Amino acid sequence: MTDRDSTSEVDQNEFVNTYLAKNMPFVARDCFTRSGPLASPWDLEPLAEKFGAYHVPVFDTLFEMQRSMRFSDYVSAIAAERTGAKPVSYVRWYARQRHFQMICADEAFAELAESWTAPSWVPSGGYVFPPIKENADPVRDRFPAKGFFVCAAGGRTRLHVDPWASDAVLCQVTGAKRFVMYPPSAGEFLSDGDAVVDLEEPDDERFPTWREVRPAVDVTLSPGDAIYIPAGWFHAAVALAPSVSITWNFVHEVNAARFAAYLESGGSTDATVKYFHATHEVAPAS
Ligand SMILES: O=C(O)CCC(=O)C(=O)O
Ligand SMILES: [Fe+2]
C-alpha cells in the first residue's frame, strides 16, 4: 500500500475504479462520523446502557457461535478482563441476513441510525448483492454480514477469507484494532484447502510454508478509520483495546461477473444469498 491508499480523499468513483474494480485494499483515516452512544472513543458503557438488555451472540476466534448473553453482562465481563479475570470471546451482533436467525441487531442498528455515517467513498448504489441499485446506505439498509463487532483487548478474528465472493468494509468505532491482510495469491502458503493457518498459534506441520509470505497490509485502525477488504483477500484482526467495529459485506456491479460465477458454482443455495434475493424482490407494477 502507498500513502495514497491510506487517506480519506477518495470519492466514490475513485473507490470503485481504483480499488473495487482492481481488488486492491484501501485504508481510510478519519473518514466517518460517530455521535451519541457511538461517540465516546474508549468506552463501551454508553452502548451497554442503551442495549444492555439485548441478548447478543458470543463467538470464538472465527465464526463459530458459542453462546448468547446479555450485552450488559458481556460489557461487565470485558471490564473484569481488564483486571485479569478469565477472557471472554467476541461478540458478532449481525443484522438479519437469513430467514432463520435467532438473534438480530436490526433494532440496535435502527436505534443508532443517527449515530454514525458511512464513509463518503462507500458507493451509494450499483450493488448486485444486496441488489440495491440506488440510494443505498449501510447505516439503514440491510447488507450481508452487517454487524456490530465488540470485544476486549486481545479479542481477535483468525485469518480467513470472507464468503459470497464479496467485498467488505469495516469501520472502527471504538479502540484500536490491528488488521493484517494477504492477497489471494498467498493462499497456497496459508491454506491447505480446508483450513487457514492461525497466525497466533500456527500449526507448522500442517502449514509448512506459511512463513514464506508476508502480509501486504499490516495497519492499526483507530476510531474513525475504515478499511476496505477486497474479495478473496485473507485477513485477520486483533483488538489492541476494548473495541467496537461496524462492518458489512457487498458485491458491486463492477464485480458482477465474479459474483455470477460464485452463484453458478453453488452459491445460489446459500441461505444469505437466498434471503437477500427474496427480500429485495421488486414489487409487480400495478
Ligand atoms: O474485525 C474483525 O474482527 C474481523 C472482521 C472480519 O474480517 C469479518 O467479520 O469477516
Ligand atoms: Fe472477514
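Residues numbered from 1 in each chain as written. Chains lettered and ligands numbered in written order. Predicted model: local features only at pLDDT ≥ 70, side-chain atom pairs only at ≥ 80, totals over all residues. Heavy atoms only, no water.

K.L.:
Before we move on, could you go through the site of ligand 1 and cite the residues and values that matter?
P.N.:
Every residue lining ligand 1 is accounted for by F63, Y90, R92, F149, T157, H160, D162, L170, K177, H235 and A237. At a separation of 2.9 Å, an oxygen atom of ligand 1 approaches a polar side-chain atom of H235. In the complex, 95% of the free accessible area of ligand 1, which totals 300 Å², lies under the protein chains. Those elements that provide at least two residues to the shell around ligand 1 are β4 (90-94), β7 (156-160) and β12 (234-239). (Near = heavy atom within 4 Å. Polar contact = N/O pair within 3.5 Å; in protein donor to acceptor, adjacent residues only side chain to side chain. Areas by Shrake-Rupley, 256 points an atom, 1.4 Å probe, with all protein chains shown as cover. Helix = DSSP H or I, 4+ residues; strand = E, 2+ residues; numbered from the N terminus.)

K.L.:
Any chance you could break down the coordination of the iron ion (ligand 2) for me, citing the residues and the numbers?
P.N.:
For the iron ion (ligand 2), the full set of protein donor atoms is H160 (NE2), D162 (OD) and H235 (NE2), at a range of 2.0 to 2.1 Å. Each donor residue of the iron ion (ligand 2) belongs to the same chain, with the gaps between them written as H-x1-D-x72-H. Its relative accessible area of 16% is what places D162 among the buried residues. (Donors = N, O, S within 2.8 Å, 3.2 Å for Na, K, Ca; no water. Buried < 20%, exposed > 50% of the residue type's maximum accessible area, 1.4 Å probe, protein only.)

K.L.:
Any details on the pattern of salt bridges? Residues and values, ideally.
P.N.:
Note on pairing: side chains with opposite charge can pair once their charged atoms come close. One pass over the full model with this rule turns up 10 salt bridges. Between D198 and R156 there is a salt bridge, and its shortest N-O distance comes to 2.9 Å. Remark: R156 occurs in strand β7 and D198 occurs in the loop between α5 (187-190) and β10 (217-221); sequence separation between them is 42 residues. Classification of D198 as buried rests on a relative accessible area of 12%. A residue is classified by how much of its surface remains accessible, and R156, at 11% relative accessible area, is buried. In this structure, D192 engages R206 in a salt bridge whose closest nitrogen and oxygen atoms are separated by 2.5 Å. Of this pair, D192 sits in the loop between α5 and β10 while R206 sits in the loop between α5 and β10, and the two are 14 residues apart along the sequence. Residue D192 is classed as partly exposed on the basis of its relative accessible area of 36%. Through salt bridges with shared partners, one network takes in R156, D198 and E200. (Salt bridge = Lys/Arg side-chain N within 4 Å of Asp/Glu carboxyl O.)

K.L.:
Summarise the environment of F129; cite the residues concerned and give the values.
P.N.:
Secondary-structure assignment places F129 in strand β5 (residues 127-129). If we ignore the near neighbours within four places in the chain, the residues touching F129 are P144, W164, F250, V251, F259, T272, V273 and F276. (Contact = heavy atoms within 4.5 Å.)

K.L.:
Describe the packing of aromatic side chains, naming the residues involved and giving the relevant values.
P.N.:
By the definition in use, this model includes 22 aromatic pairs. Measuring from ring centre to ring centre gives 6.0 Å for F129 and W164, while their planes differ by 70°; the resulting arrangement is edge-to-face. Residue F129 is located in strand β5, and its partner W164 is located in the loop between β7 and β8 (167-174); the two are separated by 35 residues in the primary sequence. W164 shares its class with F129; the two are buried. Within the aromatic cluster, the residues linked to one another by ring pairs are F51, Y54, F71, W93, F109 and F148. Stacked on the ring of Y90, the Lys or Arg R92 has its end atom at 5.3 Å from the ring centre. (Phe/Tyr/Trp six-rings, centres within 6.5 Å; stacked < 30°, edge-to-face > 60°. Lys NZ or Arg CZ within 6 Å of the ring centre and 35° of its normal.)

K.L.:
Got a sec to walk through the environment of C31? Specific residues and values, please.
P.N.:
Looking at where C31 falls in the secondary structure, it is placed in the loop between β1 (26-28) and α2 (45-51). Of the residues examined, C31 reaches a relative accessible area of 13% and is grouped as buried. Separated by 192 residues in the primary sequence, C31 and P223 have C-alpha atoms spaced 9.6 Å apart.

K.L.:
Give a detailed account of the side chain of N23, specifying residues and quantitative values.
P.N.:
Along the chain, N23 falls in the loop between α1 (12-20) and β1. Not counting chain neighbours up to four residues away, the residues in contact with N23 comprise D167, P184, Y228, P230, A231, W233 and R258.

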